[in-house]
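Letter by letter, the chains look like this.
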Amino acid sequence: MSARLFEPLRLDDLELENRIVIAPMCQYSALGGAATDWHLMHLGQLAQSGAGLLTLEATAISPEARISPADLGLYDDATERALGRVLDAVRGYAPIPVAIQINHAGRKASSRAPWEGGAQIDAEAADGWRTEAPSALAHAEGEIPPHALDAEGLKRVRDGFVATARRAMRLGIDGVELHGAHGYLLHQFLSPLSNRREDQYGGSLENRMRFPLECFEAVREAVPAGKPVWMRVSATDWVEEGWDLDQTLELARALKSRGAAAIHVSTGGLSPAQKIPVGPGYQVPFAERIKAETGLTTIAVGLITEPRQAEAILAEGKADAISLARALLYDPRWPWHAAAELGAQVRAPKQYWRSQPHEYKDLFKSAAFGQR
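Per-chain numbering applies: the sequence of each chain, read as written, is numbered from 1 onward. Local features in a predicted model are, by the rule used here, given only for residues with pLDDT of at least 70; side-chain atom pairs are given and counted only at 80 or more, and totals for whole chains, interfaces and linings are based on all residues. The basis for every side-chain value is the complete set of non-hydrogen atoms in the structure, without hydrogens or water.

Trainee: Where do I start with the packing of helix α3 (residues 151-170) against helix α5 (residues 205-222) in this structure?
Mentor: Helix packing geometry: the angle between the two helix axes and the distance between the axes. Every axis corresponds to a line fitted to the C-alpha atoms, with the helix fit spanning only the stretch in contact, and the corresponding angles, defined between N-to-C directions, vary from 0 to 180 degrees. Numbering of helices and strands runs from the N terminus, with a helix taken as a DSSP run of H or I at least four residues long and a strand as a DSSP run of E at least two residues long. At a minimum axis separation of 9 Å, α3 and α5 run at an interaxial angle of 35 degrees. The way α3 lies across α5 gives a crossing that is right-handed. Where α3 abuts α5, its residues L154, V157, R158, F161, V162, A165 and R166 lie against F211, E214, C215, A218, V219 and A222. Here the contact of α3 with α5 is composed, by residue class, of 10 nonpolar, no polar and 3 charged. The sense of a crossing depends on the near helix, which, turned anticlockwise from the far helix by less than a right angle, makes the crossing left-handed and, turned clockwise, makes it right-handed. We call two residues in contact when some of their heavy atoms are within 4.5 Å. Side-chain classes follow a simple rule in which Ala, Val, Leu, Ile, Met, Phe, Trp, Tyr, Cys and Pro form the nonpolar group, Asp, Glu, Lys and Arg form the charged group, and the remainder, Gly included, forms the polar group.

Trainee: For this particular structure, what's the right way to read the nonpolar core?
Mentor: Nonpolar side chains in soluble globular proteins tend to end up buried together. Core analysis: the largest hydrophobic core is formed by 94 residues, its most contacted members being L5, F6 and L178. The residues contacting L178, other than those within four sequence positions of it, are I102, F161, L186, C215, F216, V219, V229, W230, M231 and R232. Nonpolar cores were defined as sets of buried Ala, Val, Leu, Ile, Met, Phe, Trp, Tyr and Cys residues, with membership established by side-chain atoms within 4.5 Å. Each residue gets one of three labels from its accessible area relative to the maximum for its type: buried under 20%, exposed over 50%, partly exposed in between, using a 1.4 Å probe on protein chains only. Membership of the second largest hydrophobic core comes to 12 residues, among which are L16, A99, W230 and I299.

Trainee: How do you make sense of helix α8 (residues 307-315) when you look at a structure like this?
Mentor: Each full turn of the α-helix corresponds to 3.6 residues, which orients residues three or four apart in the same direction. Along α8, the residues classified as buried are P307, A310, E311, I313 and L314. An end-on view of α8 places all buried positions within 160 degrees of arc, on one side of the element. Along α8, the residues that are exposed and aim more than 90 degrees away from the buried face are R308 and A315. The secondary structure elements touched by the buried residues of α8 are α7 (284-294), β12 (321-324) and α10 (334-342). Looking one or two residues past α8, G317 carries a phi angle of roughly 75 degrees, positive in sign. As used here, the arc is the angular range of directions from the helix axis to the C-beta atoms.

Trainee: Could you clarify how one ought to interpret the layout of surface pockets in this entry?
Mentor: Unfilled space is identified by rolling a water-sized probe across the atoms. Residues are called lining when one of their atoms sits within 4 Å of a cavity or pocket point, these points coming from a 1 Å grid over the protein atoms alone, where a cavity is a set in which a 1.4 Å probe fits but cannot get out and a pocket is an open set with protein on both sides within 12 Å along at least five of seven lines. Grid points are joined across faces, edges and corners, and a volume is the space filled by probe spheres set on the points. For the largest pocket, the calculated volume is near 1300 Å³. Around the largest pocket, the lining comprises 50 residues; the ones closest to its centre are P24, Y28, H182, Y184 and R326. When residues of the lining of the largest pocket are traced back to their parent elements, those giving at least two are β12 and α9 (326-330). It is α9 that contributes the most residues to the lining of the largest pocket, 3 residues altogether.

Trainee: Looking at this structure, how should I read the side chain of N207?
Mentor: For N207, the location among the structural elements is in helix α5. Residues within four places of N207 in sequence aside, it is in contact with D199, Q200, Y201 and G202.

Trainee: I would appreciate a short explanation of the packing of aromatic side chains in the present structure.
Mentor: What describes a pair of aromatic rings is the distance from one ring centre to the other and the angle between the planes of the rings. Ring pairs shown here join Phe, Tyr and Trp side chains whose ring centres sit within 6.5 Å, with only the six-membered ring taken for Trp; geometry is labelled stacked below 30 degrees between planes, edge-to-face above 60, and tilted in between. With the rule as written, the count across this model stands at 6 aromatic pairs. Plain terms: the ring middles of F189 and F211 are 4.7 Å apart, the flat faces sit at 40 degrees to each other, and that makes the pair tilted. Here F189, found in helix α4 (residues 185-190), pairs with F211, found in helix α5; they are 22 residues apart in sequence, far enough to count as distant. You can call F189 buried: its relative accessible area is 0%.

Trainee: Can you walk me through the sheet that holds strand β3 (residues 20-22) in this structure?
Mentor: In a beta sheet, neighbouring strands are held together by backbone hydrogen bonds and run either parallel or antiparallel to one another. The pairing criterion is simple: DSSP has to find at least two bridges between the two strands. Strand order in the closed barrel formed by 8 strands is β3-β4-β5-β8-β9-β10-β11-β12, with parallel pairing between adjacent strands. Across this sheet, the average inter-strand angle for adjacent strands is 25 degrees, counted without regard to direction.

This is the structure in C-alpha cells:
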C-alpha cells in the first residue's frame, strides 16, 4: 500500500504533492517588518525539503499588529518589496506552493523576541507601542492593559487583514491562513477569558465568533475563487471556563459554511494559567474530533516528530494533513527521510539528486543520472 502521507491533497484549486505542511514559524528576524536575508536562507532550505506546502511565519497586518519589533510584516510597499524579493529567489529554484499566515498579535504585541525573554516592551520605549485587544485585560500580571478596540478600530483591523491578503495575492502566494490561535487577536475575541465586551462582539459564543468570522469572510472575498483560505485555531485554552473544543466545533462549522478550505488545529497560548499535558501527538485528538464531526479538511500539529507516527494519524483518519514546525527546523530533510522510511517518493532539487542513497533507488521524483 502507498503511504498516506505522500498522497496528494487538494485545497480548493491548489493541489499539494503530499500531506506534509511546513507550519508557520516566527523568526523574529525582520527589520521594520521587512523580510531579510535570514528569511531567504531559512525559506530557501525549507522550500527544498520536499514538503507539500510551505507556510510563511505569522505576518503582521500592521506595525502595531507585530508580536515583536522584529516580526515579519506585509502592510506597506516596503514590506511587500522585501518579501517579494525573497519569494522570487525561492521560486527560482523550488516549485513548492507557498501559503502565508496573516496575524494581529493583539494584547501579546510589543514583546521582546523569545531569546530576549519575551517580556512586554513598555509602550513608551523607543521600540514599544500600546497594544489593542477586544477588552482592556492584560495578558499577564504586571503588563500594561491594552486599549479596547472601538468600532473604528475593528474596521481598521478588518481592513488590515484584507489589505495584507491583497498584497499576498500580488506576490503570487498560493493560500492564506488567518491566525486565530495561540492567544493572538482573533483568539482573544473567541475566548471568554480575554473578551469581556458587552456589545455585539462579546458575551455569547455567537457574538465572540462574530469578529473573527467577519475577518475571515472579508479575506475570503478578497482572495480569488479557487485559492484556499483557512484558519489556524487553538482548540482549547487549557484553562477552566476558557475556550474549548465544543466551541471550536461551532467555529469550524461556521468557517466551513463560509468557504474555508481547511482548519489547522493547535491549542493554547491565550493565558499564562494554561496547564498543557504535553506528549507526542497531544493535540491530535482535537483534530480528530473536528474532522469527524464537521468533515472540514483538518491539519494536525503538535509533537508529531516521527514518520510512522505521522502516517498512522492519517491512515487512521484522525486528520487529512500533518503540520510540522520544530521537527523541520531540526531536520529540514524530514520529508526525504520520511519518504525513504515509508517507501514513497519525494521531490528534491536536481542539484542534490546524486545524494540519493544506494538503498533507495527511486526516492527522488524524476531523478536522472548521466554516465560522467
